[in-house]
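Residues per chain, in single letters:
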Amino acid sequence: MTTNRRTFILNSMAATAGLGIASSIPGGLRAAQKMVTPSDQINIALIGCKNMGFGDLKNHLNIPGVKCIGLCDIDQNVLNEKAAEILKDYNQKPKLYGDYRKLLENKDLHAVVIGTPDHWHCLPMVNACEAGLDVYVEKPMANSIEECNLMVKAANRYNRVVQVGQQQRSGAHWNKINQMIKTGHIGTLRKVNIWGNFNYGVGMPVAPDSPVPASVDYDMWLGPAPLRTFNPTRFHGDWRMFWNYGGGLMTDWGVHLIDMALWAKDVTTPPRKILASGANLSFKQNAHETYDTMSVIFEMDDYQITWQHTAGIQNGPWNKPYGMEFIGDLGTIVVDRSGYKVIPQWNEEEKKAKIEAEESNKGGENHQEHARNFIDCVKSRQKPVCTPEIGRAVAVAAHSANIAVRSGENLLLWDEAKGKFSNSEKANQYIVPEYRKPWALPKI
Ligand SMILES: NC(=O)c1ccc[n+]([C@@H]2O[C@H](COP(=O)([O-])OP(=O)(O)OC[C@H]3O[C@@H](n4cnc5c(N)ncnc54)[C@H](O)[C@@H]3O)[C@@H](O)[C@H]2O)c1
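Quick notes on the rules
- Residues numbered from 1 in each chain as written.
- Predicted model: local features only at pLDDT ≥ 70, side-chain atom pairs only at ≥ 80, totals over all residues.
- Heavy atoms only, no water.
- Pairing = 2+ DSSP bridges.
- Helix = DSSP H or I, 4+ residues; strand = E, 2+ residues; numbered from the N terminus.
- Contact = heavy atoms within 4.5 Å.
- Axes fitted to C-alpha atoms, helices over the stretch in contact; angles between N-to-C directions.
- Buried < 20%, exposed > 50% of the residue type's maximum accessible area, 1.4 Å probe, protein only.
- Right-handed = clockwise from strand over helix to strand, strands pointing away.
- Phe/Tyr/Trp six-rings, centres within 6.5 Å; stacked < 30°, edge-to-face > 60°.
- Lys NZ or Arg CZ within 6 Å of the ring centre and 35° of its normal.
- Domains from an automatic or database assignment.
- Buried area = accessible area lost by both parts, 1.4 Å probe.
- Near = heavy atom within 4 Å.
- Polar contact = N/O pair within 3.5 Å; in protein donor to acceptor, adjacent residues only side chain to side chain.
- Areas by Shrake-Rupley, 256 points an atom, 1.4 Å probe, with all protein chains shown as cover.
- Nonpolar A, V, L, I, M, F, W, Y, C, P; charged D, E, K, R; others polar.
- Salt bridge = Lys/Arg side-chain N within 4 Å of Asp/Glu carboxyl O.

Participant: When you look at the sheet that holds strand β13 (residues 322-327) in this model, what are you seeing that I'm missing?
Facilitator: As a general point, the strands of a sheet are linked pairwise by backbone hydrogen bonds and lie either parallel or antiparallel. Ordered by their spatial adjacency, 10 strands build an open sheet running β18-β15-β14-β13-β7-β12-β11-β9-β19-β20, and the pairing between neighbours is mixed. Whereas interior strands pair on both sides, the edge strands pair on one side only; in this sheet they are β18 (358-360) and β20 (420-421). The strands touched by helix α7 (residues 172-182) are β13, β14 (331-336), β15 (339-344) and β18; relative to β14, the strand with the most contacts, the crossing angle is about 165°.

Participant: What exactly am I supposed to notice about the pairing of strand β4 (residues 111-114) here?
Facilitator: In β4, alternate side chains face the same way, and those of Ala111 and Val113 on one face and Val112 and Ile114 on the other are all buried. In the sheet, strand β1 (residues 42-47) pairs with β4 via four bridges, with the strands oriented parallel. For isoleucine 44, the partnering residue across the bridge sits in β4 and is alanine 111. Here β4 runs beside strand β5 (residues 134-137); their pairing, made up of four bridges, is parallel. Looking at β5, one finds that valine 113 is bridged to tyrosine 136. Handedness of the β4-helix α5 (residues 122-130)-β5 crossover: right-handed.

Participant: Got a minute to help me understand the packing of aromatic side chains in this structure?
Facilitator: Any aromatic ring pair is given by two values, namely how distant the centres are and how the planes are angled relative to each other. Applying the stated criterion to the full structure yields 14 aromatic pairs. Note on phenylalanine 198 and tyrosine 322: the rings are 5.6 Å apart at their centroids and 25° apart in plane angle, and the pair reads as stacked. Here phenylalanine 198 is found in the loop between β7 (191-196) and β8 (204-205), whereas its partner tyrosine 322 is found in strand β13, with 124 residues between them in sequence. The two residues phenylalanine 198 and tyrosine 322 agree in class, both being buried. One aromatic cluster is present, formed by Tyr218, Trp221, Phe230, Phe235 and Tyr245 through successive ring pairs. Across the ring face of phenylalanine 54, the terminal group of lysine 82 is positioned such that the distance to the ring centre comes to 4.6 Å.

Participant: Can you help me understand the domain arrangement of the protein in this one?
Facilitator: How big an interface is tends to be expressed through the accessible area that disappears when the partners come together. We note that the domain assignment places domain 1 (5-169 + 371-387) and domain 2 (172-365 + 394-428) within the protein. Between the C-alpha centres of domain 1 and domain 2 there is a distance of 26 Å. On the domain 2 side, the residues contacting the 27 residues of domain 1 number 37 residues. Roughly 2,700 Å² is buried in total at the junction of domain 1 and domain 2, and carbon and sulfur atoms are behind 57% of that figure.

Participant: Just to check I follow, could you spell out the site of the ligand for this structure?
Facilitator: Taken together, 30 residues lie around the ligand, and Asn51, Asp73, Asp118, Lys139 and Trp239 are the ones closest in. Aspartate 73 has a polar side-chain atom sitting 2.6 Å from an oxygen atom of the ligand. In the model, an oxygen atom of the ligand is placed 3.2 Å from a nitrogen or oxygen of the histidine 256 side chain. Here the ligand loses 95% of its free accessible area of 840 Å² to cover by the protein chains. Residue classes in the shell around the ligand are distributed as 12 nonpolar, 11 polar and seven charged. Both domains that furnish three or more residues to the shell around the ligand are identified here as domain 1 (5-169 + 371-387) and domain 2 (172-365 + 394-428).

Participant: Just checking my understanding: could you explain the pattern of salt bridges for this structure?
Facilitator: Two side chains bearing opposite charge may form a pair once their charged atoms approach each other closely. Tallied over the entire structure, the rule returns 23 salt bridges. Across the pair glutamate 289 and arginine 228 runs a salt bridge, and its minimum N-O distance is 3.0 Å. Note that glutamate 289 is positioned in the loop between β10 (286-287) and β11 (293-299) and arginine 228 in the loop between α8 (218-222) and α9 (248-252), a separation of 61 residues in sequence. For glutamate 289, a relative accessible area of 25% translates into the label partly exposed. A salt bridge links glutamate 365 to arginine 337; the shortest N-O distance between them is 3.4 Å. Here glutamate 365 is found in the loop between β18 and α11 (367-380), whereas its partner arginine 337 is found in the loop between β14 and β15, with 28 residues between them in sequence. A relative accessible area of 48% places glutamate 365 in the partly exposed class.

In structure tokens, the structure reads:
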């Protein structure tokens, strides 16, 4: 059964009313009617189709009852290629758009997936919420602290189901180690060490500016970011290493892994003390602004989180290019997406290990489970496993580390009540991005 969006919103309102959640859907749609039933078809669309967004879309389409009715991209070649793939693999013919605002006018939509570069998360997400749609938005939630704030506000103001693409929250082995830590299996957690030494963090070899490809609406790709000449090293996929579009490895992988470190103690607000050092010390022949070398300490209330990246070496502790160590007073858990290992501490007095050694290689990628959780929540109106509040907390942590270095302060103190750094006006200048006209930060 297909419901159009208006009916769906009303259904959603009925469901949320049942949960006692205040509803603030725009457009005066007030009268609650019937409940959403699990058999309702969910019509979705994708904004930003090339890589991760398309993977997300396919994971949604693998769920029975989910249909793609729109694809939006500023690159006509990407649109054509992805539309052909959806037709071939799913026998569906979504409408194609070059401007996401037109897509949001489609009254049959229930939800959108946002797979645009980081500087293009906030506006489509907020506008989708305003249009009464639920949203799956990729991580990091946004490319600045203020955009994250606005996105949390929009999700709550318009009462939408919003899942941030930190899919490890949906992973069975991540859930397992999270429970092990919370139930004291490794004793009291005092430190989490994290590293991510990926090759791609050094960017692509320097290339000259070139004409904008004929299929691309480059002005729309830049959107709120400053006007800049077209260069292939800053475009599809490679924008991550340039401040106006992304935050380098610190935000790209940082949010995935720091998220696990915050979750271990159910922290849902940004760290209060951030000590960071970063620089570009290598790969001078490559195009990148974000730091290739970085060390960060997040001082938490009763534990410490460290982040290290040395981009371009693709290896690290435990012979892993990325990973985490959760250190308690009975043992350590070393974990990455492939699995985990429990390494007991030695009890010298009793001459035996404090806990049992254990190993599992039953990890995996968790995008499919994360999409499933989102769709379940679209139907049930429950909160998904990675709410905007969680997405914000970890994005603010990662952005704070970058800001600590960019501002030259190295040590920053975050005041959550005031929403700014208490020890540096220089650092506070990085909180609110300057949008290029005619784009403007949304008002909620
Ligand atoms: N969850 C994960 O594991 C994971 C993995 C990779 C990437 N990501 C995130 O996914 C997002 C996309 O990353 P990617 O590697 O796929 O980037 P990409 O550059 O390969 O793809 C982005 C697409 O968005 C399109 N686009 C840009 N501006 C647009 C606009 N205004 N309207 C419509 N389309 C627009 C581009 O043309 C391109 O097709 C990023 O936020 C990234 O951090 C998440």
